[in-house]
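# Residue-level structure breakdown
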Amino acid sequence: MQVEVGKIYEGKVTGITKFGAFVEVEGKVTGMVHISEISSSFVNDINEVLKKGQTVKVKVIKVDDNGKIGMSIKRAEEKPKNDRRGAQKGKPSAGNKNAAKKQAVEKKEPEPAYYGDGYVSKPSGDANFEDMLSKFKASSEERISDLKRANDNRRRGGTRRR
């Protein structure tokens, strides 16, 4: 039997290693679930989450040229329809009145950018590209010389051998 990528199967855990678990699905087809694909939370020890012989739902995420099957338990779980705060996607939660206002307001003006002089600011209306470039070059040359000076001081420190 050949498994299909993207399809969800029910299988049985046949083996556990430190890097993942082997799951057998319909027709004696065995694939591996990597430790990162077991749960959406961090898994330090697979034995704390899975047991040999346990029945799990897995989603086939890849089948390579050698016939090795990659599976995922966390992708097989149905995603909740609500987001973290309990609101449905696209709708603000009842307790968060500001979210409705934020959705109603269109995009604000863009955030200020970093222009290389150590400050975050917007360019003035009369500042052109050449002015900004020369300002950036001057500040970067100053920073490079500071770094070189600090690095030279580190090299000179310590005891000297005779």
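Read on for an overview of the structure. In this text the structure is predicted, and so the values were computed from the model without any measurement.

### Here's the deal with the sheet that holds strand E5 (residues 69-72)
Judged by pairing direction, the barrel is mixed, and its 5 strands sit side by side in the order E1-E2-E3-E5-E4 before closing back on the first. Direction aside, the axes of adjacent strands within the sheet are offset by 55° on average.

### Remarks on a nonpolar patch on the surface
A cluster of nonpolar side chains, namely Phe129, Leu133 and Phe136, defines an oily patch on the protein surface of about 300 Å² accessible area. Structurally, leucine 133 is set in helix H2 (residues 129-156). According to the relative accessible area criterion, leucine 133 is partly exposed, its value standing at 35%.

### Structural notes on the pattern of salt bridges
Taken as a whole and assessed by the stated rule, the structure comprises 2 salt bridges. For glutamate 37, the salt bridge is made with arginine 75, and the minimal N-O distance between the two is 3.1 Å. Remark: arginine 75 occurs in the loop between E5 and helix H1 (97-104) and glutamate 37 occurs in the loop between strand E3 (29-34) and strand E4 (55-63); sequence separation between them is 38 residues. Judged by relative accessible area, glutamate 37 falls into the buried class, the value being 11%. Arginine 149 is paired through a salt bridge with aspartate 146; the nearest N and O atoms lie 3.3 Å apart. Of this pair, arginine 149 and aspartate 146 both sit in helix H2, separated by 3 residues, roughly a single helical turn. On the basis of relative accessible area, arginine 149 is assigned to the partly exposed category, the value being 49%. For aspartate 146, a relative accessible area of 39% corresponds to the partly exposed category.

Cut-offs and rules
- Residues numbered from 1 in each chain as written.
- Predicted model: local features only at pLDDT ≥ 70, side-chain atom pairs only at ≥ 80, totals over all residues.
- Heavy atoms only, no water.
- Pairing = 2+ DSSP bridges.
- Helix = DSSP H or I, 4+ residues; strand = E, 2+ residues; numbered from the N terminus.
- Axes fitted to C-alpha atoms, helices over the stretch in contact; angles between N-to-C directions.
- Patch = residues over 30% accessible without salt bridge, like charges linked within 9 Å, V, L, I, M, F, W, Y side chains within 5 Å.
- Areas by Shrake-Rupley, 256 points an atom, 1.4 Å probe, with all protein chains shown as cover.
- Salt bridge = Lys/Arg side-chain N within 4 Å of Asp/Glu carboxyl O.
- Buried < 20%, exposed > 50% of the residue type's maximum accessible area, 1.4 Å probe, protein only.

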